[in-house]
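Architecture at a glance
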Amino acid sequence: MARALGIDFGEKRVGLALSDRLNLIASPYKTLQHKSEGDLLSKIKEIVTDKEVKIFVLGLPLNMKGEDSPQTKKVRKFKKLLSSLNLPIVYEDERFTSVMAKNSLILQKVKTGDNKSEIDRTAAAIILQQYLDKNSN
């Protein structure tokens, strides 16, 4: 079965998570450095092929009122770039996922001070798991 790729987009780093083949469980996968749009797209395209990804779940950073923020506009722009890979893209509300990721890592006794990459991929896993949970039948 096809996998889903969860994406926590950031201007410096992009956290990624993968679902299992049954689309039940999301796991942190990796963090990509956001050097340029072309480089980022190339790396994601490679992952799509290697991991048989069939859908993107993109975290949407809404503000506390559920409205667009300046970062939301950047994510929407990234979605347009990502759409060139011709796979479905769905948004998933990502409010609080970075805080949840950090708290989860602290509970696991993982140091979070200088480990932003771990937080990013864990946040991507939370975004993806929220989507999987809503869409499991």
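Preceding block: the structure.
Here's a quick rundown of the structure. (Residues numbered from 1 in each chain as written. Predicted model: local features only at pLDDT ≥ 70, side-chain atom pairs only at ≥ 80, totals over all residues. Heavy atoms only, no water.)

Quick look at helix H2 (residues 70-82) now. With 13 residues, H2 extends 19 Å from end C-alpha to end C-alpha; this agrees with the ideal 18 Å at 1.5 Å per step. Of all the positions in H2, only Thr72, Val75, Phe78 and Leu82 are classed as buried. Buried residues of H2, viewed axially, fall in a sector of 115 degrees; they line one side. Facing away from the buried surface of H2 by more than 90 degrees, the exposed residues are Pro70, Lys73, Lys77 and Lys80. Residues of H2 that are buried make contact with strand S1 (3-8), helix H1 (37-51), strand S4 (53-60) and strand S5 (89-93). (Helix = DSSP H or I, 4+ residues; strand = E, 2+ residues; numbered from the N terminus. Expected span 1.5 Å × (residues − 1). Buried < 20%, exposed > 50% of the residue type's maximum accessible area, 1.4 Å probe, protein only. Arc of directions from axis to C-beta. Contact = heavy atoms within 4.5 Å.)

Here we come to the environment of Asn86. Along the polypeptide, Asn86 turns up in the loop between H2 and S5. Residue classification places Asn86 among the exposed residues on the basis of a relative accessible area of 70%. Distance from Asn86 to Ile55, taken between C-alpha atoms, is 9.4 Å for residues 31 residues apart in sequence.

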